[in-house]
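Close look at the chain arrangement
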Amino acid sequence: MKEFWTSLATLMGVLAFFQSQLQSVFPPELRFAFTKFFNQIFLWVSPYCYFDITEIDGVNSNELYNSVQIYLSSSASTTGNRLSLTKALNSSSFTFGLSNNGSTIDTFNGVAVWWEHTVTQRQSQTFSWRPLPEEKRGFTLKIKKKDKSLILDSYLDHIMNKANEIRRKNKDRLLYTNSGGGSADRGHPWECVPFKHPSTFETLAMDPVKKSEIMDDLLGFAEGESFYQQTGRAWKRGYLLFGPPGTGKSSMIAAMANFLGYDIYDLELTEVSSNSDLRKLLMKTTSKSIIVIEDIDCSIDLTNRKKPTERKNQSQLETEMRNGSGSNSSSEGGNSMTLSGLLNFTDGLWSCCGSERIFVFTTNHVEKLDPALLRSGRMDMHINMSFCSFEALKILLKNYVGLKEEDMLENGLVKEMEEVMDEAEMTPADISEVLIKNRRNKENALKELLESLKREKVKKKKKKKRMSEDVVLMKEEKSSLMEVTEEEEKRELEREGEGCDKLLENYSKRGDGSEDEGLEKTGSGGI
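Residues numbered from 1 in each chain as written. Predicted model: local features only at pLDDT ≥ 70, side-chain atom pairs only at ≥ 80, totals over all residues. Heavy atoms only, no water.

It is worth spelling out the UniProt feature "coiled-coil region" (unreviewed entry) in the chain at this point. Residues given the UniProt feature "coiled-coil region" (unreviewed entry) here are residues 436–470. Structurally, residues 436–470 comprises 89% helix and 0% strand, and the distance from its first C-alpha atom to its last is 38 Å. (UniProt positions renumbered as here; feature names shortened; annotations may be inferred. Helix = DSSP H or I, 4+ residues; strand = E, 2+ residues; numbered from the N terminus.)

Side chains of residues three or four places apart in an α-helix project in the same direction, reflecting 3.6 residues per turn. Along its 13 residues, helix H17 (residues 412–424) runs 18 Å from first to last C-alpha, staying within 8% of the 18 Å computed at 1.5 Å per residue. If you check which residues of H17 are buried, you get Leu-413, Val-414, Met-417, Val-420, Met-421 and Ala-424. Capping of H17 at its N-terminal end is provided by Asn-411; its side-chain oxygen lies 2.9 Å from the backbone amide nitrogen of Leu-413. (Expected span 1.5 Å × (residues − 1). Buried < 20%, exposed > 50% of the residue type's maximum accessible area, 1.4 Å probe, protein only. Polar contact = N/O pair within 3.5 Å; in protein donor to acceptor, adjacent residues only side chain to side chain.)

Residues at a pLDDT of 70 or more form 77% of the chain, whose mean pLDDT is 79. Below a pLDDT of 50 lies the segment residues 317–333, which in the model reaches 14 contacts outside its immediate sequence neighbourhood of four places, other chains included. (pLDDT = per-residue confidence, 0-100. Contact = heavy atoms within 4.5 Å.)

Attention shifts here to the sheet that holds strand E13 (residues 289–293). One open sheet accounts for seven strands, arranged E10-E9-E12-E13-E14-E11-E15; its pairing is mixed. For this open sheet the edge positions go to strand E10 (190–194) and strand E15 (381–384), each flanked by a neighbour on one side alone. Ignoring which end each strand starts from, the neighbouring axes of this sheet average 20° apart. Pairing between strand E11 (residues 236–242) and strand E14 (residues 357–363): seven bridges, direction parallel. Bridging across to E14, Lys-236 finds its partner in Arg-357. The sheet strands contacting helix H6 (residues 208–222) are E11, E14 and E15, and the helix crosses E15 at an angle near 155°. Helix-sheet contacts for helix H13 (residues 339–347) involve E11, E13 and E14, and the interaxial angle to E14 is about 140°. (Pairing = 2+ DSSP bridges. Axes fitted to C-alpha atoms, helices over the stretch in contact; angles between N-to-C directions.)

Let us look at the packing of aromatic side chains. With the rule as written, the count across this model stands at 13 aromatic pairs. With a centroid separation of 4.3 Å and an interplanar angle of 10°, the aromatic rings of Tyr-176 and Tyr-265 are classed as stacked. Taken together, the positions of Tyr-176 in strand E9 (residues 174–178) and Tyr-265 in strand E12 (residues 263–266) put the pair 89 residues apart, joining distant regions of the chain. As far as the burial class goes, Tyr-176 and Tyr-265 line up, both buried. Note on Phe-221 and Trp-235: the rings are 6.1 Å apart at their centroids and 50° apart in plane angle, and the pair reads as tilted. Taken as a pair, Phe-221 in helix H6 and Trp-235 in the loop between helix H7 (225–231) and E11 lie far apart in primary sequence, 14 residues in all. The two residues Phe-221 and Trp-235 agree in class, both being buried. Taken together, the ring pairs connect Tyr-65, Tyr-71, Phe-108, Trp-115, Phe-139 and Tyr-155 into an aromatic cluster. Over the ring of Tyr-48 we find Lys-142, and its NZ or CZ is 4.3 Å from the ring centre. Against the face of Trp-114 rests Lys-142, its NZ or CZ located 5.4 Å from the ring centre. (Phe/Tyr/Trp six-rings, centres within 6.5 Å; stacked < 30°, edge-to-face > 60°. Lys NZ or Arg CZ within 6 Å of the ring centre and 35° of its normal.)

Applying the stated criterion across every chain yields a total of 11 salt bridges. Linking Glu-356 and Lys-288 is a salt bridge whose minimum nitrogen-to-oxygen distance equals 2.6 Å. In this pair, Glu-356 is assigned in the loop between H13 and E14 and Lys-288 in the loop between helix H9 (275–283) and E13, connecting sequence segments 68 residues apart. Among the residues examined, Glu-356 registers a relative accessible area of 4% and is labelled buried. Between Arg-375 and Asp-347 there is a salt bridge, with the nearest N and O atoms lying 2.6 Å from each other. Here Arg-375, found in the loop between helix H14 (371–374) and E15, pairs with Asp-347, found in helix H13; they are 28 residues apart in sequence, far enough to count as distant. Among the residues examined, Asp-347 registers a relative accessible area of 26% and is labelled partly exposed. Among the charged side chains, a network of salt bridges with common partners joins Lys-236, Asp-347 and Arg-375. (Salt bridge = Lys/Arg side-chain N within 4 Å of Asp/Glu carboxyl O.)

Next comes the structure, spelled out in structure tokens:
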């Protein structure tokens with residue numbers, strides 16, 4: 001054993017001697033040329049090619065580096081052995097990544113690619129207006145030469161799109177509202193808070209068929225960039241949610257935002273003073289967002305155009321101008337926004353400043369809205385948020401009391417609910433309130449809900465009966481009124497006829513008297 005260590009020490013000494021001699025004989029320039037030459041030979045012979053993606057390109061950040069880092073986080077968590085774990089600001093989840101000098105393998109369209117995260121110390125730098133980090137970071141992409149065209153053409157685009165999708169999914173959604181205070185004067189017309197609404201399409205009480213149609217429509221919109229470009233349409237879509245209060249219109253908006261990962265802009269029309277301010281608000285919204293106007297029929301007086309008989313003539317307008325008053329200023333406190341401005345906001349040229357936007361209007365009375373607001377191109381899909389159906393009731397029972405589908409089929413109380421559900425006409429909000437109060441006792445919840453449904457059914461029947469009686473009474477009153485009117489008209493005609501007869505008699509009497517007088521005069525003249 002002693003002889004082995006002695007031989008090893010002798011060998012190390014010989015190698016050190018030859019290294020010192022090579023360094024003294026061959027200058028650094030020559031050694032660098034030899035190294036470069038052998039690297040070129042290696043790259044020429046090797047079946048692989050390499051691409052370096054650095055963190056900083058000159059003095060600017062490399063967006064591709066950030067996208068690769070995010071993209072690899074989805075596969076590194078399952079394939080990597082040594083990982084880094086981070087949580088970014090405004091992010092709702094943790095992100096896995098490759099550690100320093102770590103590596104992983106990815107597959108795209110059946111082609112394997114190798115990624116390595118390289119981290120080296122940066123050489124000391126001279127004075128710079130923008131100091132660089134001490135470590136030099138980058139990714140090295142290793143692929144086979146025969147797959148080079150496939151990777152460069154589509155794989156990098158796939159990485160960018162996937163990274164953007166992960167960013168949107170991990171990013172906390174925000175809820176914006178337009179402010180009428182000082183922040184708007186400082187160039188910040190929107191104020192935001194984190195959006196934490198838990199509503200999803202899975203928990204939304206709605207008929208599953210209708211729900212599936214809405215989800216398919218939303219997915220078709222989000223994935224339809226090429227279609228909208230091909231057809232020459234602005235990449236936007238409008239949804240009108242209408243129905244009685246408590247039917248889940250706000251929950252539907254939250255579910256849409258959580259489904260697509262979009263931010264929400266809640267537009268308060270009473271805070272908008274003019275059409276130009278409305279355009280400025282639109283310009284400050286971002287792509288991949290939902291612009292909401294709730295209860296549009298109650299916001300301001302934009303629901304119907306004035307009839308021609310209600311329009312003021314020129315003299316009235318001039319009088320109001322001289323008196324310093326006007327309809328808009330008096331009724332809306334200086335609000336000069338018009339229906340035309342709102343229509344251009346949703347479907348005019350200004351609606352195209354941005355892409356992938358969704359407009360949502362909600363109303364309790366769709367009949368009050370101007371037809372111009374409802375046409376296709378502005379409100380493309382009309383969603384009737386009606387009273388709770390039995391299919392929606394099953395979703396509520398599952399969410400609130402944990403009743404499973406197979407248990408509902410065997411439960412007698414649920415079967416009774418199905419019989420009275422349509423006639424009761426209860427909203428999801430009313431049913432949810434009953435279930436929330438009894439959520440700890442499933443049996444009591446079902447019993448009280450059944451009683452509430454039956455009670456509402458009786459109320460609705462009585463109400464419909466009263467309405468039908470009122471209709472019959474109104475018809476009878478109308479018919480009696482028509483009879484009275486007809487009798488009065490007959491009497492009036494009779495009176496007019498009697499008056500005409502009297503006039504004729506008077507005229508005839510006067511005519512006979514004048515003839516007798518004429519005869520008398522003629523006779524006296526002849527004598």
